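# Structural description and commentary
Residue strings, one per chain:
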Amino acid sequence: MKKGELIVSKIMNGTVIDHIPAGRATVVLGILGIDHTIKNRISMVINAESKSMGKKDIVKIENRELKSEEADMIALVAPEATINIIRNYEVAKKMKIKVPESIARIIKCPNPLCITNNDVEAASRFAVISKNPIILKCEYCGTEIDDRDALNALACG
Ligand code: CTP
Ligand code: ZN
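I will try to describe carefully the structure that is included in this document. None of the values given here were measured: they were computed from a predicted structure. (Residues numbered from 1 in each chain as written. Chains lettered and ligands numbered in written order. Predicted model: local features only at pLDDT ≥ 70, side-chain atom pairs only at ≥ 80, totals over all residues. Heavy atoms only, no water.)

The next thing to look at is the overall build of the protein chain. When helices and strands are tallied, the protein chain shows 3 helices and 9 strands. In the protein chain, the succession of helices and strands from N to C terminus is β-α-β-β-α-β-β-β-β-β-β-α. Radius of gyration (C-alpha) of the protein chain: 17 Å, near the 15 Å computed for a compact globule of 157 residues. A buried classification covers 39% of the 157 residues belonging to the protein chain. Taken as a whole, the protein chain presents about 9700 Å² of accessible surface, with 50% of it coming from carbon and sulfur. Mean positive and mean negative side-chain charge positions of the protein chain (23 and 20 charges, respectively) differ by 6 Å. (Helix = DSSP H or I, 4+ residues; strand = E, 2+ residues; numbered from the N terminus. Rg over C-alpha atoms; globule rule 2.2 N^0.38 Å. Buried < 20%, exposed > 50% of the residue type's maximum accessible area, 1.4 Å probe, protein only. Areas by Shrake-Rupley, 256 points an atom, 1.4 Å probe, with all protein chains shown as cover. Lys, Arg positive; Asp, Glu negative; His and termini not counted. Charge placed at Lys NZ, Arg CZ, Asp CG, Glu CD.)

Turning next to the side chain of Asp72. Take Asp72: it is sitting in helix H2 (residues 68–74). Given a relative accessible area of 7%, Asp72 falls into the buried group. If we skip the residues at most four places from it in the chain, Asp72 touches Lys96, Ile97, Lys98 and Pro100. (Contact = heavy atoms within 4.5 Å.)

Inspection of the secondary structure puts Val45 in strand S2 (residues 42–50). Remark: the alpha-carbon pair of Val45 and Ala22, spanning 23 residues in sequence, is separated by 9.3 Å.

Here the focus is the coordination of the zinc ion (ligand 2). Each protein donor to the zinc ion (ligand 2) is listed here as Cys109 (SG), Cys114 (SG), Cys138 (SG) and Cys141 (SG); together their distances run 2.3 to 2.4 Å. Coordination at the zinc ion (ligand 2) is tetrahedral, judged from the 4 donor atoms that bind it and the angles of 101 to 116° they form at the metal. Along the chain, the residues that donate to the zinc ion (ligand 2) are spaced as C-x4-C-x23-C-x2-C. You can see Cys114 sitting in the loop between strand S6 (102–104) and strand S7 (125–131) and its partner Cys141 sitting in the loop between strand S8 (134–138) and strand S9 (144–146), a full 27 residues away along the chain. The exposure class assigned to Cys114 is buried, which follows from its relative accessible area of 1%. A relative accessible area of 31% means that Cys141 is categorised as partly exposed. (Donors = N, O, S within 2.8 Å, 3.2 Å for Na, K, Ca; no water. Tetrahedral: all angles 85-135°; square planar, octahedral: opposite > 155°, others 65-115°.)

Opposite charge on two side chains allows them to pair when their charged atoms are near. One pass over the structure, following the stated rule, counts 7 salt bridges. Between Glu62 and Arg41 there is a salt bridge whose closest N-O contact spans 2.7 Å. In this pair, Glu62 is assigned in strand S3 (residues 54–62) and Arg41 in the loop between helix H1 (25–31) and S2, connecting sequence segments 21 residues apart. Taking relative accessible area as the criterion, Arg41 reaches 58% and is therefore assigned exposed. Between Arg64 and Glu70 there is a salt bridge; the shortest N-O distance is 2.9 Å. Since its relative accessible area comes to 22%, Glu70 is described here as partly exposed. (Salt bridge = Lys/Arg side-chain N within 4 Å of Asp/Glu carboxyl O.)

Take a look at the structure:
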């Protein structure tokens, strides 16, 4: 261990989300619905040194294994992230994330007239019409947004 190296403990059980672009860890937490009500222990490093990325963020969620649908939502803001499922201190599984076919709830439609902004019963829903580059289309009003717009329109951010 080099002097000054930042240490976050290994976890016994749970999920480690690694290789998050620097500064996006809190957005990842938001996408996963993790807020002040969470009971699990969460640790996070923002701006960790990374050989491949320069800087990166890391999120560790103890005693919760992300489902692949949850992991895929992360692809929206961190397509290069690696999801490691930890069991008894070992990496039991590395999940590949892929941009999902559709995205419900987490992104607010930027169109103020969209029904999803005017009816509490209507949850937002976007179809992914292109994955690279990311282009999403509101299933209610047809508004198209790219990944930058999506980041700005994250309902949780
Ligand atoms: N990790 C952890 N607790 C464990 C095991 C692993 O927090 N009990 C973390 C590691 O610190 C690392 C990530 O989970 O951030 C992936 O672990 P590992 O596959 O061992 O590391 P690398 O080989 O560096 O991963 P990659 O190939 O994805 O770079
Ligand atoms: Zn809309």
